[in-house]
Amino acid sequence: MAPVGGTAVQDHVALAEIELCGELIIAASAASGERLSMESIDQVLRVGEENGE
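Numbers given for residues are sequential positions, taken from 1 along each chain in its written order. Selection of residues for local features in this predicted model requires a pLDDT of at least 70, selection of side-chain atom pairs for listing and counting requires 80 or more, and totals for whole chains, interfaces and linings are taken over all residues. Derived side-chain values reflect all non-hydrogen atoms in the structure, with water molecules and hydrogen atoms excluded from consideration.

Attention now goes to the overall build of the protein. Strands are runs of DSSP state E lasting at least two residues, helices are runs of H or I lasting at least four, and both sets are numbered from the N terminus onward. A count of helices and strands for the protein gives two helices and zero strands. Relative accessibility decides the category of a residue: with a 1.4 Å probe and only protein chains considered, values under 20% of the type maximum give buried, values over 50% give exposed, and everything between is partly exposed. For the protein, the residues scored as buried account for 4% of the 53 residues in total. Under the convention used here, a 1.4 Å probe and the Shrake-Rupley method define accessible areas, while residue burial counts only the protein chains that appear. Carbon and sulfur atoms form 58% of the exposed surface of the protein, whose accessible area is close to 4,800 Å².

Quick look at the structure:
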């Protein structure tokens, strides 16, 4: 049974983190080299982009 009240924000953050992890896994599996470069990781995680883009 799910706890009552106060979990909506935590669930929203957890879902966002899970989505980003999934995107990293997909990018890593599609990469031609052994590792993703820091630039590739930043691109997948949309580092430096404004919110809402």
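The discussion continues.
A side chain of one charge can pair with a side chain of the opposite charge if their charged atoms are brought near each other. Within this document, salt bridges are pairs made up of a side-chain nitrogen of Lys or Arg and a carboxyl oxygen of Asp or Glu, the two lying within 4 Å of each other. Counted by the stated rule, this structure contains one salt bridge. A salt bridge links Arg46 to Glu23; the shortest N-O distance between them is 3.1 Å. Separated by 23 residues along the polypeptide, Arg46 in the segment after α2 (38-44) and Glu23 in helix α1 (residues 8-30) bring together distant segments of the chain. Using a relative accessible area of 36% as the deciding quantity, one classes Arg46 as partly exposed. We classify Glu23 as partly exposed; its relative accessible area is 23%.

Bringing the environment of Ile26 into the picture now. Relative to the helices and strands, Ile26 is located in helix α1. By relative accessible area, Ile26 is classed as exposed at 58%. Taking the C-alpha atoms as reference points, Ile26 and Val44, separated by 18 residues in sequence, lie 9.6 Å from one another.

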